[in-house]
Amino acid sequence: MKAAFIEKFGGPEVLQYGDLPDPVAAPGEVVVDVVAASVNGADWKVRAGQYKQTTFPLGLGRDFSGVVAAGGDGVADFKPGDAAFGVLEPGQEGANAEKVAVKAAIVAKKPDGLSHVDAAALALTGLTAMSAIEDTLKLRPGEAILIQGGAGGVASFAIQLAKHIGARVITTASAANHDYVRSLGADEIIDYNAKDFTKVVSGCDAVFDTVGGEVAQRSFAVLKPGGRAAFIASGPQAPKPDRSDVTSLRPAVGRTRRHMERIAHLYQAGAIRPPEIKLYRLSEVADAHRLSESRHFRGKLVFRVR
Ligand SMILES: NC(=O)c1ccc[n+]([C@@H]2O[C@H](COP(=O)([O-])OP(=O)(O)OC[C@H]3O[C@@H](n4cnc5c(N)ncnc54)[C@H](OP(=O)(O)O)[C@@H]3O)[C@@H](O)[C@H]2O)c1
C-alpha cells in the first residue's frame, strides 16, 4: 500500500510517500481501506521525534474514514463494505495510508450523510473537543468559556459544542479568521495580535486552551475564583496555575466508539458542522506538514487518499 512515513526523525524533508506492507487484521481488529485521513498537530511532533517512537519505518497519522476491508477473529460488529471512521489507539500511528488496521471496538459506523473527508476532519478534533468540553470541563449552560486558538481544528469543534451546550463563547484568533470563528458561533472574538486577552477577558467559568506555551500559562488570569481550565497543547501534564483558586486539567482523550458515535450524532442533529478543510493528496504530505507546523491556518488539513 501507499503510505506517508518516516525512517528517521527530522523536518518535513524526512517525510516519504511510498510503499509499506499491507496491514493484517489481528484478533479484534478491522482493516480499513482509507478514503480520507487528516493531519493533526501531533503528526509533525511525532515526525520531529517528540514522542520518541523507536520503530522505523514509522507511518504517520491518527484519524481516518474509510471502508472496512476485512475483520480479524472476534469482530462481529463490522463486515466488509461498512463505512467506518475513527481515531487510532494512543501510541499507534499510520492512518495517513491506503490501509490501516485498528481495534474494531474504538471505530464507529460512518453515517451516509457525512462524507469521508468530513468524518476524517471531525474524528480526532471532535474526540479531543468533547473530552475537554464535556468530559473534563463539564461545561454547563449559561457559563462563559474562553477558547484559545479558535480557528484551529479542535477549537472549530469546541466553539460549536460549547454553543450547543448553551455557554457563552469568547475566542482568540488573528483578524483574518474572525469571520470564520463568528460563523462557528463565537460570541466575542479577540484579535490576539492587537490585544492582550488578559486585559479584555475576565470572570470566565472555564478556559479551553489549544495554543500552549505562554498563552496557556497566562490563561489562568481570565478565570473567576473556582474556575477550571483544560489544556491540550502543553504536553502530557496541565500547566501549574499561578493562583490557588482555580483548577488546571489535562483531558485524557481516550479512544471510544461512544465518542465517535456522538460526533456522528451531533453532525446529524445539525449541532456541529465540519471545519474549513484544505485537501491534499497523500503524496503532498510534506506540504501539509509545513502548513500544520506553521500553526497559522484555518480548520483542518485532510488527505483524500482514494
Ligand atoms: N489528544 C490530544 O491531547 C490532542 C489532540 C488533538 C490536538 N492536540 C493539540 O492541540 C493543539 C491544537 O491542535 P489543532 O489541530 O486544533 O490546531 P493547530 O493546528 O495546532 O493550531 C492552528 C490554529 O492555532 C491558531 N493560533 C496559533 N497561535 C495562536 C495564538 N497565539 N492565539 C490564538 N490562536 C492561535 C491559528 O489561528 P490564527 O492563524 O488565527 O493564529 C490556527 O488556526 C496542538 O498543539 C495539537 O497537538 C492534542
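In case you missed it, the structure is sitting above this.
Treat the numbers as computed from the prediction; the structure is a model and nothing was measured.

A. Looking closely at the overall build of the protein chain. When its secondary structure is counted, the protein chain shows eight helices and 16 strands. For a compact globule of 306 residues, the expected C-alpha radius of gyration is about 19 Å, and the protein chain comes in at 19 Å, within 12% of that figure. Each principal axis of the C-alpha distribution contributes one length, and for the protein chain these read about 55 × 40 × 35 Å. Taken over 306 residues, the protein chain has a buried fraction of 55%. For the protein chain, the share of sequence-separated contacts (at least 6 apart) that also reach a separation of at least 24 residues comes to 64%.

B. Geometry of the site of the ligand. Around the ligand, a shell composed of 24 residues is seen, among which Val154, Ser174, Tyr192, Arg250 and Phe297 lie nearest. Gly152 is positioned with one of its backbone polar atoms (N or O) 3.3 Å from an oxygen atom of the ligand. Measuring from an oxygen atom of the ligand, one finds a backbone N or O atom of Val154 at 2.8 Å. The element that contributes the greatest number of residues to the shell around the ligand is helix α1 (residues 41–48), accounting for three residues. The class makeup of the residues in the shell around the ligand is eleven nonpolar, ten polar and three charged.

C. Representation of the nonpolar core within the structure. By size, the foremost hydrophobic cluster in this structure holds 45 residues, and its most contacted members are Ile145, Ile147, Phe157 and Phe208. Contributing elements (two or more residues each) for this core: β6 (83–87), α2 (116–136), β9 (144–148), α3 (153–165), β10 (168–173), α4 (178–183), β12 (204–209) and α7 (257–268). Looking at this core, the element that brings in the most residues is α2, giving nine residues. For Phe157, the residues in contact, after removing those within four places along its chain, are Leu122, Thr125, Gly126, Ala129, Met130, Ile263, Leu266 and Ile272.

D. Representation of the sheet that holds β10 within the structure. Sheet architecture is open: six strands sit in the order β11-β10-β9-β12-β13-β14, paired in parallel fashion. Whereas interior strands pair on both sides, the edge strands pair on one side only; in this sheet they are β11 (188–191) and β14 (247–249). Averaged over all pairs of adjacent strands, the angle between their axes in this sheet comes to 15°, without regard to strand direction. Lying over the sheet, α2 contacts β9, β12, β13 (223–231) and β14, oriented at roughly 155° with respect to β12. Here α3 sits on the sheet in contact with β9, β10 and β12, set at roughly 170° to β9.

E. Quick look at the layout of surface pockets. Here the second largest pocket defines a volume of roughly 200 Å³. Around the second largest pocket sit 13 residues that line it, and Met1, Pro23, Glu93, Gly94 and Val100 are the ones nearest its centre. For the lining of the second largest pocket, the residue count by class is eight nonpolar, three polar and two charged.

F. Just the pairing of β9, in detail. Counting buried positions along β9 gives five out of five residues, so the element sits mostly inside the fold. Of the two faces of β9, the one holding Ala144, Leu146 and Gln148 and the one holding Ile145 and Ile147 are both buried throughout. Taken together, the four bridges between β9 and β12 define a ladder with parallel strand orientation. Along β12, the bridge assignment pairs Leu146 with Val207.

G. Quick peek at the environment of Leu184. Mapped onto the secondary structure, Leu184 falls in the loop between α4 and β11. When its relative accessible area of 6% is taken as the criterion, Leu184 is described as buried. Along the chain, Leu184 and Thr210 lie 26 residues apart, while their C-alpha atoms are 16 Å from each other.

H. Geometry of the pairing of strand β15 (residues 277–280). The sheet contact formed by β15 and strand β16 (residues 300–304) spans four bridges and is parallel. Bridge pairing links Lys278 to Leu301 in β16. With helix α8 (residues 285–294) bridging β15 and its parallel neighbour β16, the resulting β-α-β unit is right-handed.

I. Structural detail: the sheet that holds strand β4 (residues 58–59). What the three strands build is an open sheet, ordered β2-β1-β4; its pairing is antiparallel. The strands lining the two open edges of the sheet, one partner per strand, are β2 (15–19) and β4. Inspection of the sheet shows strand β1 (residues 2–6) paired to β2 by five bridges, in the antiparallel sense. Residue pairing for β2: Phe5 is matched across the bridge by Gln16.

J. Region of interest: the pattern of salt bridges. What the rule picks out here adds up to 22 salt bridges. When the shortest N-O distance is used, the salt bridge between Arg243 and Asp245 registers 2.6 Å. Given a relative accessible area of 23%, Arg243 falls into the partly exposed group. Assessed through its relative accessible area of 32%, Asp245 is described here as partly exposed.

Thresholds applied
- Residues numbered from 1 in each chain as written.
- Predicted model: local features only at pLDDT ≥ 70, side-chain atom pairs only at ≥ 80, totals over all residues.
- Heavy atoms only, no water.
- Helix = DSSP H or I, 4+ residues; strand = E, 2+ residues; numbered from the N terminus.
- Rg over C-alpha atoms; globule rule 2.2 N^0.38 Å.
- Buried < 20%, exposed > 50% of the residue type's maximum accessible area, 1.4 Å probe, protein only.
- Contact = heavy atoms within 4.5 Å.
- Near = heavy atom within 4 Å.
- Polar contact = N/O pair within 3.5 Å; in protein donor to acceptor, adjacent residues only side chain to side chain.
- Nonpolar A, V, L, I, M, F, W, Y, C, P; charged D, E, K, R; others polar.
- Core = buried A, V, L, I, M, F, W, Y, C linked by side-chain atoms within 4.5 Å.
- Pairing = 2+ DSSP bridges.
- Axes fitted to C-alpha atoms, helices over the stretch in contact; angles between N-to-C directions.
- 1 Å grid on protein atoms, 1.4 Å probe; cavity = no way out; pocket = protein on both sides within 12 Å on 5 of 7 lines; lining within 4 Å.
- Points joined across faces, edges and corners; volume = space filled by probe spheres on them.
- Right-handed = clockwise from strand over helix to strand, strands pointing away.
- Salt bridge = Lys/Arg side-chain N within 4 Å of Asp/Glu carboxyl O.

Purely spatial values, then, with no claim about function.
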